[in-house]
Amino acid sequence: MRKTKLFTIAIFIIGGLVGLGFALGIAQFMYVTGGDKFCTSCHVMEPMVGAYKNDIHGGNNKVGFKAECVACHLPHDNIVKYTYQKAVNGIVEGAITLFGNPEKYDWEARRKESKRYVYDSGCMHCHGDIKNVSSQNMKSFLPHRDYFAKNINKTCVECHEHVGHKNLGFHLKAKFGDLNTTK
């Protein structure tokens, strides 16, 4: 009886350590693959990197704060949506890079679909304080009042079109020129 009890305890301890190691490994993988160094490692992302570094969200601000790519480009509703979309993005972008021709991709057309690639839950993760009405943030709250009341059906990036990548159009043209179409 004593051996069975010790064996059971040992199994739980070993299982717990293996589970913890596995969870930490996944967390580290998610962290490493979510930063701008990983996301921008492909040469085709050079215009996005340049525009991002010039933007307030890319560290060009008074305090040097920098939002990671996943802060905007993944949903923050829950961990399941976040992980699922991260996997989908990785597979799609990897396939485009390996099997497609990203140099000939119409990046300007993709910019017009930005609401598909930028998530309000990511915006609100950092900027959620603007929905709390107070005298300190009245200037921020008033333009967003209809959004919070759900009187309009727009996403954050539909109003804040150039957020995250300052002067991206110029960077795209410098990198791809007029060959930037997929007709």
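It should be emphasised that the depicted structure is a prediction, and the values quoted were computed from it without experimental measurement.

K.L.:
Outline the pattern of salt bridges, supporting the account with residue identities and numerical values.
P.N.:
In this structure the tally under the stated criterion is five salt bridges. When the shortest N-O distance is used, the salt bridge between Glu46 and Lys175 registers 3.1 Å. Of this pair, Glu46 sits in helix H3 (residues 46–54) while Lys175 sits in helix H10 (residues 168–176), and the two are 129 residues apart along the sequence. The class of Glu46 is partly exposed, set by a relative accessible area of 45%. On the basis of relative accessible area, Lys175 is assigned to the partly exposed category, the value being 29%. Linking Glu158 and Lys115 is a salt bridge whose minimum nitrogen-to-oxygen distance equals 3.7 Å. Here the residue Glu158 occupies a position in helix H9 (residues 156–159), and Lys115 occupies one in the loop between helix H6 (107–111) and helix H7 (120–127), the gap between them amounting to 43 residues.

K.L.:
Could you give an account of the UniProt feature "binding site: heme 1" (unreviewed entry) in the protein chain, with specific residues and numbers?
P.N.:
Taken from the UniProt record, the annotation "binding site: heme 1" (unreviewed entry) applies to Cys39, Cys42, Met45 and Glu93. What stands out for the annotated residues spanning 55 residues is how close their C-alpha atoms remain, the widest pair being 10.9 Å apart. Assignment of secondary structure puts Cys42 in the loop between helix H2 (36–39) and H3. Within the fold, Glu93 resides in helix H5 (residues 79–99).

K.L.:
Any chance you could break down the packing of aromatic side chains for me, citing the residues and the numbers?
P.N.:
Applying the stated criterion across every chain, the model contains three aromatic pairs. Summarising the aromatic geometry, the rings of Phe141 and Phe148 are spaced 6.3 Å apart at their centres and angled 5° between planes, so their arrangement reads as stacked. With a centroid separation of 5.3 Å and an interplanar angle of 75°, the aromatic rings of Tyr147 and Phe148 are classed as edge-to-face. Grouped by ring-pair contacts, the aromatic residues Phe141, Tyr147 and Phe148 constitute a single cluster. It is Arg110 that lies over the ring of Tyr117; its NZ or CZ is 4.3 Å from the centre.

K.L.:
Could you give me a rundown of the packing of H3 against H10, with the residues and numbers involved?
P.N.:
For any two helices packed against each other, one specifies the crossing angle of their axes together with the interaxial distance. Direction vectors running N to C along H3 and H10 enclose 150°, while the axes themselves pass 8 Å from each other. Put simply, H3 runs roughly antiparallel to H10. As for how H3 packs across H10, the hand of that crossing is right-handed. Here Glu46, Pro47, Met48, Gly50, Ala51 and Asn54 of H3 lie close against H10, whose contacting residues are Leu168, His171, Leu172, Lys175 and Phe176. Its residues placed into classes, the contact of H3 with H10 shows six nonpolar, three polar and two charged.

K.L.:
Summarise the state of the cysteines; cite the residues concerned and give the values.
P.N.:
Linking two cysteines covalently via their sulfur atoms produces the bond known as a disulfide. Enumeration over the complete set of coordinates arrives at zero disulfides. Cys156 forms no disulfide, and the closest cysteine sulfur to it belongs to Cys123, at a distance of 4.0 Å. Left unpaired, Cys159 is separated from the closest cysteine sulfur, that of Cys156, by 8.2 Å.

K.L.:
Quick rundown of the layout of surface pockets? Include the residues and the values.
P.N.:
Considered as a void within the structure, the second largest pocket measures approximately 220 Å³ in volume. Together, 13 residues line the second largest pocket, and Asp120, Tyr147, Phe148, Lys150 and Lys154 are the ones closest to its centre. Looking at the lining of the second largest pocket, the elements that each hand over two or more residues are H7 and helix H8 (138–148). In terms of residue count, H7 provides more of the lining of the second largest pocket than any other element does, three residues in total. Looking at side-chain class alone, the lining of the second largest pocket contains four nonpolar, three polar and six charged residues.

Analysis parameters
- Residues numbered from 1 in each chain as written.
- Predicted model: local features only at pLDDT ≥ 70, side-chain atom pairs only at ≥ 80, totals over all residues.
- Heavy atoms only, no water.
- Salt bridge = Lys/Arg side-chain N within 4 Å of Asp/Glu carboxyl O.
- Helix = DSSP H or I, 4+ residues; strand = E, 2+ residues; numbered from the N terminus.
- Buried < 20%, exposed > 50% of the residue type's maximum accessible area, 1.4 Å probe, protein only.
- UniProt positions renumbered as here; feature names shortened; annotations may be inferred.
- Phe/Tyr/Trp six-rings, centres within 6.5 Å; stacked < 30°, edge-to-face > 60°.
- Lys NZ or Arg CZ within 6 Å of the ring centre and 35° of its normal.
- Axes fitted to C-alpha atoms, helices over the stretch in contact; angles between N-to-C directions.
- Parallel < 35°, antiparallel > 145°, perpendicular 65-115°, else oblique.
- Left-handed = near helix turned anticlockwise from the far one by under 90°.
- Contact = heavy atoms within 4.5 Å.
- Nonpolar A, V, L, I, M, F, W, Y, C, P; charged D, E, K, R; others polar.
- Disulfide = S-S within 2.5 Å.
- 1 Å grid on protein atoms, 1.4 Å probe; cavity = no way out; pocket = protein on both sides within 12 Å on 5 of 7 lines; lining within 4 Å.
- Points joined across faces, edges and corners; volume = space filled by probe spheres on them.

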